[in-house]
Amino acid sequence: FLATDLTIDTGVQELLLKARDEEIETAFDRARQQEPRCKFGLAGVCCRRCMMGPCRISFSDKGAKRGVCGATADQIVARNLLTLIVDGAAPHVEHAREVAQTLLEVAEGKAPYEIKGKDKLMKIAQGLGLTLDGKSMNEVAEEVALIALQDFQKQSGVANWLSLRAHDKSVETWGKLNILPRNAHLEIANAINKAAMGCDSDPLNLLLGIMTMALVEGYDGLHLSTDLSDVLFGTPKLVKAQYNMGVIKEDYVNIAVHGHIPMVSEKVVEWSRKLNGEAKTLGAKGINVIGICCSANELLMRQGVSVATNFASQELAIVTGALEAMVVDAQCIMPGLQKVAECYHTELISTLPMIKIEGSSHVEFTPANADKMGEEIVRKALGRYTERDLVKLQIPKGTVDAYAGFSVEQIIELLSKINQEDPLQPFIQALTDGDILGVVAIVGCTNPRLKQDWANTEVAKELLKHNVLIVTTGCSAHSLGKNGLLSPDGIEYCGPQLANVLKTIGVANGLPSLPPAWHMGSCVDNSRVDDLLVALANRVGVGVRDLPVAGSSPEPQSPKVLSIGTFFIAQGVDVHIGLNAPISGSPFVDNALTADKGDFAVTTDELFGGKLIYEEDPIKAAHLLIQRIIKKRKALGL
Ligand code: BF8
Ligand code: SF4
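The shown structure was predicted, so the numbers you read here are calculated from the model rather than taken from an experiment.

Visitor: Please give an account of the overall build of the protein chain that cites residues and values.
Guide: Looking only at helices and strands, the protein chain features 27 helices and 16 strands. Its C-alpha radius of gyration of 24 Å places the protein chain within 12% of the 26 Å reference for a compact globule of 638 residues. Taken along its principal axes, the extent of the C-alpha atoms in the protein chain is 70 × 65 × 50 Å. Residues classed as buried in the protein chain amount to 63% of the 638 residues present. Of all intrachain contacts in the protein chain linking residues separated by at least 6 positions in sequence, the fraction that spans at least 24 positions is 74%. Summed over its atoms, the accessible surface of the protein chain is roughly 23,300 Å², and 51% of this surface lies on carbon and sulfur atoms.

This is the structure:
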């Protein structure tokens, strides 16, 4: 395979050739070794839920139409999708719980972090109905953390973070369907129970279970993680940084942070700054921390740390031969990293007690020993610097400037330079006039089965050309960053009306223009996208489902894309994916998620106002999204 067929990132292409010369295998090679893929698995009709199986449902008239227990294709696919969505939501829920637990320990004086987001803390406390009079910041933080932790305990009522963040009209819809979650752990256990052999076999009831899990993802995964991370580490503001493998610096001690959990990555940055002088005694110019995947997003948004690469090419960062350490925590960490690290002087370091990697070192994170962890990790990296093999050193040249830090708070501040009393007004005016046709969130991953960064970038460019504003998160944001769409220069891709809007807001804020894609953060920060939608809906006086907006994940790999996607569908937002979910083997599930209102007895389009759109071709996908946006505009009389 030509490297140019695997990725549009020229730095990654260069490193793929280097890896081949050095006989190092990466995910791009392994993705091809898995072809041809099992068609039963792709369609979702394979069941391994008990030892009467595994069973699979035939596509032809001749073969089996039911599993041994009698389960049909609809039942098998619905159960599989439910557990797939648990696979997506559970890591975010655990992420949120860890942040909440850390906040509690900080408030109790047991963990070495300071609360940097005092304003956010007070706003959340007010939203939760707490009285603030006479209370210290730590007392308020403790109360907020305890209310957050109730979302893993309470046995009745509705999850607290849903009540805090959801739009009233959405809650009304979910209440009528009886899908409101009580606590995240209970609903995860329920979902696994529903899917077990001999339990729920009603595809509609399973679909409703999927939507409950989607709400768990949305509120006790995404929103809770973002809110409490902002409390601990501060709400992001506009920052400028660089993208591409070129951010790894030859004459520095390089530490890559990879994963998701900001408590880990923030401490690595803090200790790299503290021990920077020690790098100089080794002959290096200092310590250079760079990001990969969503840890990159967390640090980019709050610390302006530059980004080396995204998911599909994580192993290639090590192939530069210039990483002293790669620090990982949870989610999207390829086990293949260790084998690559063993070919170089790089130390792969896992951190979370429950997530270890065969062969790697481990420096344990707990909130209380976070400083000890940070110091030990940075000292390990310093120790590796002198072991570098200069013959194997090759860092692709070139970086791209990018802006990030588009929290809703920051967006409102930028807009307030145009209208101080009513900051959202100019944005809504531009939407009303069609200068902004709609807003699409480009989110999710890169996937070594697909040409890296290509579809993410092409969907974005086609939408921009038609005056659709892009907001972005996750590894897709990195695709756009690498390709210049997070820079003011990127407005060359915009239609004239959108370009004008971006210039006007940019100039009012001392920039030539805002970038055409607004980087809102990591995957859990899709909560920020949701916050923006709720703020717009409230300001206009409609529901989220009425807004001319959509989501798109052109290169998904993780079930997190499906859990986040169904969360947005539950709010009535259409969601495009560029690689099919394993649902095509079930007429019921496939139609329920992808058909239009009225075409079948049950569709999410009818129940919630949003549906799943599957399209591999990025240009066609962009136009399917534009059609849906225009339909929503018409319904609003625009
Ligand atoms: O949570 S975008 S590849 S790193 S799943 Fe993973 Fe996908 Fe990247 Fe962040 Ni999100
Ligand atoms: Fe087969 Fe039913 Fe067991 Fe699944 S649960 S493996 S369909 S017998």
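Visitor: Before we move on, can you summarise the coordination of the nickel atom of ligand 1 with the specific residues and values?
Guide: One donor from the polypeptide reaches the nickel atom of ligand 1: C523 (SG), at 2.2 Å. For the nickel atom of ligand 1, the 4 donor atoms are set out with angles of 93 to 145° between them, so the coordination reads as irregular.

Visitor: Give me the lowdown on unusual backbone geometry, citing residues and values where you can.
Guide: At the junction of E35 and P36, the peptide bond is cis and its omega measures out at -10° in the coordinates. Looking at where P36 falls in the secondary structure, it is placed in the loop between α3 (27-33) and α4 (39-43). For C293, which is not a glycine, the phi torsion comes out positive at approximately 55°. Note that C293 resides in helix α14 (residues 293-303). The exposure class assigned to C293 is buried, which follows from its relative accessible area of 1%. Within the chain, Q331 stands out as a residue other than glycine whose phi angle is a positive 70°. Within the secondary structure layout, Q331 lies in the loop between β7 (323-328) and α16 (337-341). Relative accessible area serves as the criterion here: at 13%, Q331 is assigned to the buried category.

Visitor: So, the pairing of strand β4 (residues 253-258): which residues are in play, and what are the values?
Guide: Among the 6 residues in β4, 6 count as buried, and that is most of the element. Of the two faces of β4, the one lined by V253, I255 and V257 and the one lined by N254, A256 and H258 are each fully buried. Alignment of β4 against strand β5 (residues 287-292), held across 6 bridges, turns out to be parallel. Each bridged residue has a counterpart across the sheet, and for V257 the counterpart in β5 is G291.

Visitor: Requested: an account of the site of ligand 2, with residues and values cited.
Guide: Close to ligand 2 lie C47, R49, C50, M52, G53, C55, G67, V68, C69, I76, R79 and M197. The class makeup of the residues in the shell around ligand 2 is 8 nonpolar, 2 polar and 2 charged. Of the residues that make up the shell around ligand 2, three or more belong to each of domain 1 (3-56) and domain 2 (73-233).

Visitor: Requested: an account of the environment of A64, with residues and values cited.
Guide: With respect to the helices and strands, the residue A64 is situated in the loop between β2 (55-56) and α5 (73-107). When the C-alpha positions of A64 and I188 are compared, they lie 31 Å apart, and in sequence the two are 124 residues distant. In this structure, A64 is in contact with R56, I57 and S58, ignoring residues within four places of it in sequence.

Visitor: Report on the sheet that holds strand β14 (residues 549-553), specifying residues and quantitative values.
Guide: Taken together, 6 strands build an open sheet; the order of strands is β13-β12-β11-β14-β15-β16 and the sheet is parallel. Since the sheet does not close on itself, it has two edges, and those belong to β13 (517-521) and β16 (612-614), each with one partner. Looking at each pair of strands side by side, their axes are set apart by 25° on average, direction ignored. Note: strand β12 (residues 468-473) against β13, 4 bridges, orientation parallel. Paired with T472 across the two strands is H519, which belongs to β13. The sheet strands contacting helix α23 (residues 526-540) are β11 (438-442), β12, β13 and β14, and the helix crosses β12 at an angle near 145°.

Visitor: Tell me about the packing of aromatic side chains, and please be specific about residues and values.
Guide: The geometry of an aromatic ring pair comes down to the distance between the two centres and the angle between the two planes. Throughout the structure, instances matching the rule amount to 7 aromatic pairs. What links up through ring pairs into an aromatic cluster is the set W174, Y219, F567 and F568. When the ring centre of Y252 is taken as origin, the NZ or CZ atom of K249, which lies over that ring, is 4.8 Å away. Lying across the ring of Y344, K392 places its NZ or CZ 5.2 Å from the centre.

Visitor: Can you lay out the site of ligand 1 for me, pointing to particular residues and giving the numbers?
Guide: As a matter of local geometry, ligand 1 sits amid 13 residues, with H260, C294, C332, C445 and C523 nearest to it. One nitrogen or oxygen atom from the side chain of H260 is found 2.7 Å from an oxygen atom belonging to ligand 1. K560 places a polar side-chain atom, nitrogen or oxygen, 3.1 Å from an oxygen atom of ligand 1. Residue assignment for the shell around ligand 1 shows that the elements contributing at least two residues are α14 and α21 (474-482). Its residues placed into classes, the shell around ligand 1 shows 7 nonpolar, 5 polar and 1 charged. Viewed by domain, the shell around ligand 1 spans two of them, domain 3 (245-392) and domain 4 (403-635), each represented by three or more residues.

Visitor: Provide a residue-level description of the domain arrangement of the protein chain, including the pertinent values.
Guide: You can read the domains of the protein chain as domain 1 (3-56), domain 2 (73-233), domain 3 (245-392) and domain 4 (403-635). Look at where the C-alpha atoms of domain 2 and domain 4 centre, and you get two points 23 Å apart. Opposite the 36 residues of domain 2 that make contact, domain 4 presents 39 residues. Taken over both partners, the interface formed by domain 2 and domain 4 buries close to 3,100 Å², and the fraction arising from carbon and sulfur atoms is 71%.

Visitor: I'd like a description of the packing of α5 against helix α24 (residues 559-570), backed by residues and values.
Guide: Contact geometry of α5 with α24 gives a least axis separation of 7 Å together with a crossing angle of 95°. When the interaxial angle is binned, α5 and α24 end up roughly perpendicular. Counted together, L81, L84, I85, D87, G88, A89 and H92 of α5 and P559, K560, L562, S563, I564 and T566 of α24 form the full contact between these two elements. Residue classes in the contact of α5 with α24 are distributed as 7 nonpolar, 4 polar and 2 charged.

Rules and cut-offs
- Residues numbered from 1 in each chain as written.
- Chains lettered and ligands numbered in written order.
- Predicted model: local features only at pLDDT ≥ 70, side-chain atom pairs only at ≥ 80, totals over all residues.
- Heavy atoms only, no water.
- Helix = DSSP H or I, 4+ residues; strand = E, 2+ residues; numbered from the N terminus.
- Rg over C-alpha atoms; globule rule 2.2 N^0.38 Å.
- Buried < 20%, exposed > 50% of the residue type's maximum accessible area, 1.4 Å probe, protein only.
- Contact = heavy atoms within 4.5 Å.
- Areas by Shrake-Rupley, 256 points an atom, 1.4 Å probe, with all protein chains shown as cover.
- Donors = N, O, S within 2.8 Å, 3.2 Å for Na, K, Ca; no water.
- Tetrahedral: all angles 85-135°; square planar, octahedral: opposite > 155°, others 65-115°.
- Pairing = 2+ DSSP bridges.
- Near = heavy atom within 4 Å.
- Nonpolar A, V, L, I, M, F, W, Y, C, P; charged D, E, K, R; others polar.
- Domains from an automatic or database assignment.
- Axes fitted to C-alpha atoms, helices over the stretch in contact; angles between N-to-C directions.
- Phe/Tyr/Trp six-rings, centres within 6.5 Å; stacked < 30°, edge-to-face > 60°.
- Lys NZ or Arg CZ within 6 Å of the ring centre and 35° of its normal.
- Polar contact = N/O pair within 3.5 Å; in protein donor to acceptor, adjacent residues only side chain to side chain.
- Buried area = accessible area lost by both parts, 1.4 Å probe.
- Parallel < 35°, antiparallel > 145°, perpendicular 65-115°, else oblique.

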